[in-house]
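Structure assessment
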Amino acid sequence: MYPDERGYFGRYGGRFVPETLIPALMETEQAYRELAGDEKFRQELQLYLKDYAGRESPLYFASRLSENAGKARIFLKREDLNHTGSHKINNTLGQALLARKMGKKRLIAETGAGQHGVATATAAAVFGLECTVYMGSKDMERQRLNVFRMQMLGAEVRGVKKGSETLKDATNEAFRDFIRSFEYSHMVIGSVVGPHPYPMMVRDFQAVIGRELRRQFQEQEGGLPDCIIACVGGGSNAMGIFYPFLEDPVKLLGVEAGGCGTAPGQHCATLSRGNDGVLHGAFSRLLQDEYGQVMDTHSISAGLDYPGVGPEHASLRERGRVDYVQVSDREALDAFMQLCRMEGIIPALESAHAVAYALKIAAALEEEKSLVINLSGRGDKDVEEVARLLGGVGSEN
Amino acid sequence: MWKKWLVCWEVLGVKIRNRWDELKKKEEMALIAFIMAAVPDEDLCLECIRALEQGGCDLLELGVPFTDPLADGEVIERFHHRGVRRGLNLKRGLDFAARVRDACQLPLILFSYYNPILQMGLDKFAGDCRSAGVEAVIVPDLPLDELGRLAGQGLELIPMLAPSSTLSRVQMAAELDPAFIYCVSVRGVTGLRSLPEMEIKDYLQKVRRVSTAPLALGFGISQPEQVRAFREQADGVVIGSALAQIIEEYESRPALLPGILEKRCQALKLLS
């Protein structure tokens, strides 16, 4: 059963943080293990997921998209319909309950696209906790709407104008805050990254996506889907939907952001193009130069714009259980528009990467297969950016 | 040939251990200066290091700029980013260490995050440390459980402890029989801030009861009075951010900078 006691998934994972933080991580791990086995906690989380976040999220058969794409039957797991607009709420509700159990008064979060920041600010509001969110100043510009949302929810948003001014640097800053304040604060990491126990804990909270899908698919179609496709930045929505299917004959595909080219700095395809390294507390795969300096990355989608990836993904890649592929900015934009026009759903640019790859597969299929896309978030936050990129809302792509 | 082989396998850290012994005999506290390699530039940095030696500094901790220095506070972090922008990395940091070794007598401790070491490869890293005259290594993002990743190369590893460290963590550090233990003095990152004195003293005594290694107190030490306050409990202090601030303040007047650093060192050393 992964991870092992030291937080390793095969050779990936572990805890690579200053000694100062080790006691806080041990405390978090112990509290989490106690809660995970506690029926009352599970019921309370279940209640919040259902009555507050709106779970379960529907499994929708996208008939027009399917018809247009080729031979595939394409299904969308509608995480975009969750409260706050993405899968992130599954994790933040769980971690906020954990923080409360540990007696912590304050939540700290890092955010790229702002979806995790909003979901953390939301959980903080509903449980009466303080909240500080770190966000790269470049991301604050391209995801302004989410900055306002966090502020309205009562969170303090601290802009990070250092290094690449994106998620990576916001994460450094959140860690620094955590190191200073862990006696009264809990750091709500938003993806399956970071030191043990975070990759395990976030995966477990997100695995609700895959468990629901399993039951829904069985009821609606019978059996298992042929293939599940999810975008991968840090990898939480992918891990959440893949995890309950790891032992099944289901093809699993993680789609990374291929950005605008293959040169360093033009993409963030960590699993496709990176190598072994340590960032933000875990030994995983990493985009870096030959001297181990972490590279700047690029993606049209702020949520995927990150040079690292969760250690369990690194392990799944090495074991060959999941295939990791790339989709360019352009392809993601095209898929974004197709989903808008074909299905009346505006997806997050992150999720549009998964849609784009599904369309590629569908076009190449010779016999009918069922594909499930994890539609991890909705695209309201991206509307302004996409309009800018397409040169105005009215224009055709 | 044999001699070369012997030199190659010499265990590092001897100079550091000797320095602690001398200081103990003299009943002096060790003054350990942290300085970022080759920032603002190589020559000025070397001058600063010579000034620190003149001012009575006992050991030098040389930082290697890294893109994501999450254990460091604002001031040192700025130095990391400046170094990275100038193209500094572990290889160039080690080249610079060799220049430092030739320019002064201070035993040299290399401070590097783990990822650059991982990319270089442990064999090459250990070999290059030896040839650059590096005596010991501090890796701020390798906690005690992971220090074993650097074992087996004869490197002298300096473990870190924090006020939050439990007794079992303190014992883990003691079992390494290190040249000294780096005791982080605050629940936080590097930087300037005052310390809850009694709490720090209790914590140092807790470590002292378990380990015979010298204890160096670091993170948040900036004033001579602080050095004096911990004279009974600590064997040395690490000064980092306070020096970095002086460098930032005076780098535009490079003729003044070494003298000011030297005086600051003297003031700190006087009270130790």
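This structure is a prediction, so every number in the text was calculated from the model and none was measured.

1. Quick word on the interface of chain A and chain B
Taken residue by residue, the interface counts 37 residues in chain A and 40 residues in chain B. Taken together, the two surfaces of chain A and chain B that pack against each other cover about 3,000 Å², and 53% of this comes from carbon and sulfur. Summed over the three residues of chain A that lose the most area to chain B, namely Glu19, Arg176 and Gln293 of chain A, the buried surface amounts to 23% of that side. Linking chain A with chain B are five salt bridges. The shortest N-O distance in the salt bridge between Lys162 of chain A and Glu77 of chain B comes to 2.7 Å. Scanning the region where chain A abuts chain B turns up 22 residue pairs in polar contact (both at pLDDT 80 or more). Listed by contribution, the elements that provide at least two residues to the side of chain A that touches chain B are helix H1 (22-36), helix H8 (167-181), strand S11 (275-279) and strand S12 (282-286) of chain A. Among the elements that take part in the side of chain A that touches chain B, H8 of chain A stands out by supplying seven residues, more than any other. Considered class by class, the residues forming the side of chain A that touches chain B number 16 nonpolar, 10 polar and 11 charged.

2. Topic: the pairing of strand S4 (residues 134-138) of chain B
All names here are of chain B. Within S4, five of the five residues are buried, leaving the element largely enclosed by the surrounding structure. As judged from the four bridges shared by strand S3 (residues 108-111) and S4, these two strands associate in the parallel manner. Residue pairing in the sheet places Leu108 in a bridge with Val134 of S4.

3. Focus on the packing of aromatic side chains
In this description, a pair of aromatic rings is defined by centroid distance and the angle of the planes. Considering all chains together, one arrives at 13 aromatic pairs over all chains under this definition. Where Phe66 of chain B meets Tyr113 of chain B, the ring centres are 5.4 Å apart and the plane angle is 25°; that geometry is what we call stacked. Here the residue Phe66 of chain B occupies a position in the loop between strand S2 (59-63) and helix H4 (74-85), and Tyr113 of chain B occupies one in the loop between S3 and helix H6 (114-120), the gap between them amounting to 47 residues. We note that Phe66 of chain B, like Tyr113 of chain B, is buried. Considering the side-chain rings of Phe111 of chain B and Tyr113 of chain B, the 6.0 Å spacing of their centres and the 85° angle between planes classify their relative orientation as edge-to-face. In terms of burial, Phe111 of chain B and Tyr113 of chain B fall into one category: buried. A cation sits over an aromatic face here: Arg73 of chain A above Phe61 of chain A, 4.4 Å from the ring centre. Seen from the ring of Phe79 of chain B, Arg82 of chain B lies directly overhead, with NZ or CZ sitting 5.5 Å from the centre.

4. Overview of helix H9 (residues 198-206) of chain A
A large share of H9 of chain A lies buried, amounting to eight of its nine residues. For H9 of chain A, the complete set of buried residues consists of Tyr198, Pro199, Met200, Met201, Val202, Arg203, Phe205 and Gln206 of chain A.

5. Structural notes on unusual backbone geometry
Here the bond from His196 of chain A into Pro197 of chain A is cis, since omega is 15°, no more than 30 degrees from zero. Secondary-structure assignment places Pro197 of chain A in the loop between strand S8 (185-187) and H9. Cis geometry is adopted by the peptide bond preceding Pro40 of chain B, which originates at Val39 of chain B and carries an omega value of 0°. Here Pro40 of chain B shows up in the loop between strand S1 (30-36) and helix H3 (42-54). Phi is positive for Glu165 of chain A, which is not a glycine, with a value near 60°. Structurally, Glu165 of chain A can be placed in the loop between strand S7 (156-160) and H8.

The rules behind these values
Residues numbered from 1 in each chain as written. Chains lettered and ligands numbered in written order. Predicted model: local features only at pLDDT ≥ 70, side-chain atom pairs only at ≥ 80, totals over all residues. Heavy atoms only, no water. Contact = heavy atoms within 4.5 Å. Buried area = accessible area lost by both parts, 1.4 Å probe. Salt bridge = Lys/Arg side-chain N within 4 Å of Asp/Glu carboxyl O. Polar contact = N/O pair within 3.5 Å; in protein donor to acceptor, adjacent residues only side chain to side chain. Helix = DSSP H or I, 4+ residues; strand = E, 2+ residues; numbered from the N terminus. Nonpolar A, V, L, I, M, F, W, Y, C, P; charged D, E, K, R; others polar. Buried < 20%, exposed > 50% of the residue type's maximum accessible area, 1.4 Å probe, protein only. Pairing = 2+ DSSP bridges. Phe/Tyr/Trp six-rings, centres within 6.5 Å; stacked < 30°, edge-to-face > 60°. Lys NZ or Arg CZ within 6 Å of the ring centre and 35° of its normal.

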